[in-house]
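The chain contents come next:
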Amino acid sequence: MPLVAWHPWCDVRKRDDIRTLNISYPLGTMPPEWTIKIRQSYYAASIYIDYLIGTLMQYVNTSNTIVVLTSDHGWSLGENGLWAKYSNFDVALKVPLIFNFPDPDESNNIYEEPKYQQVKTKLSQLLKKQVENNN
């Protein structure tokens, strides 16, 4: 990897448990057993958030509610030797963007990678359609 692409994941290094590992700076690598532990913790947190969203969605009337789910950008979990968010690799750039909207006409399903620039336009279209359907 070119040195210009490297980030020494300083925020992770500041944690007391990681600091005690005495990983060389700036190009040291995370020990394999810690890589596994961090990934397990990250995936557990993701599963828990998924569960909470599912619980919340049980109380939403999806027949008349538009739901948009997104988050900030991704987190490197050791890919390319990187940790945290500070890179231009795909794993740190992509974000979830999920729309759930009432659509009796399934023709509005989108099966392509969305762009954030499309959010305002798509929401405007959906809201206009909702108003038209309710009049």
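This structure is a prediction, so every number in the text was calculated from the model and none was measured.

**Q** Explain the side chain of S76 to me, using residue names and the numbers behind them.
**A** With respect to the secondary-structure elements, S76 resides in strand β2 (residues 76-77). In contact with S76, other than residues within four places in its own chain, are L82, W83, A84, S87, V91 and A92.

**Q** With reference to specific residues and values, describe empty space enclosed by the protein.
**A** One way to see where empty space is left: roll a probe the size of a water molecule over the atoms. Under the defined criterion, the tally for this structure stands at one cavity of 30 Å³ or more. Its boundaries defined by the atoms lining it, the largest cavity holds a volume of some 40 Å³. Taken together, I66, F101, P102, L126, K129, Q130 and N133 form the lining of the largest cavity. For the lining of the largest cavity, the residue count by class is four nonpolar, two polar and one charged.

**Q** Can you explain the nonpolar core? Please cite residues and give values.
**A** Within soluble globular proteins, side chains that are nonpolar tend to cluster in buried spots. Within the largest apolar cluster, 12 residues are counted, these being W6, W9, V12, I18, I23, M30, W34, I38, L77, L82, W83 and A84. Only α3 (32-57) and β3 (83-84) provide two or more residues apiece to this core. Setting aside anything within four residues of it in sequence, one finds V12 in contact with I18, M30, W75, W83 and A84.

**Q** Outline the pattern of salt bridges, listing residues and values.
**A** Applying the stated criterion across every chain, the model contains two salt bridges. Note that R15 is salt-bridged to D17, the shortest N-O span being 2.6 Å. Close ionic contact of R19 with D16 constitutes a salt bridge, the shortest N to O distance being 3.7 Å. With R19 and D16 both in helix α2 (residues 16-19) and three residues apart, the pair spans about one turn of that helix. An identical accessibility class is assigned to R19 and D16; each is exposed.

Reading the values: the criteria
Residues numbered from 1 in each chain as written. Predicted model: local features only at pLDDT ≥ 70, side-chain atom pairs only at ≥ 80, totals over all residues. Heavy atoms only, no water. Helix = DSSP H or I, 4+ residues; strand = E, 2+ residues; numbered from the N terminus. Contact = heavy atoms within 4.5 Å. 1 Å grid on protein atoms, 1.4 Å probe; cavity = no way out; pocket = protein on both sides within 12 Å on 5 of 7 lines; lining within 4 Å. Points joined across faces, edges and corners; volume = space filled by probe spheres on them. Nonpolar A, V, L, I, M, F, W, Y, C, P; charged D, E, K, R; others polar. Core = buried A, V, L, I, M, F, W, Y, C linked by side-chain atoms within 4.5 Å. Buried < 20%, exposed > 50% of the residue type's maximum accessible area, 1.4 Å probe, protein only. Salt bridge = Lys/Arg side-chain N within 4 Å of Asp/Glu carboxyl O.

Just geometry here; none of it tells us what the structure is for.
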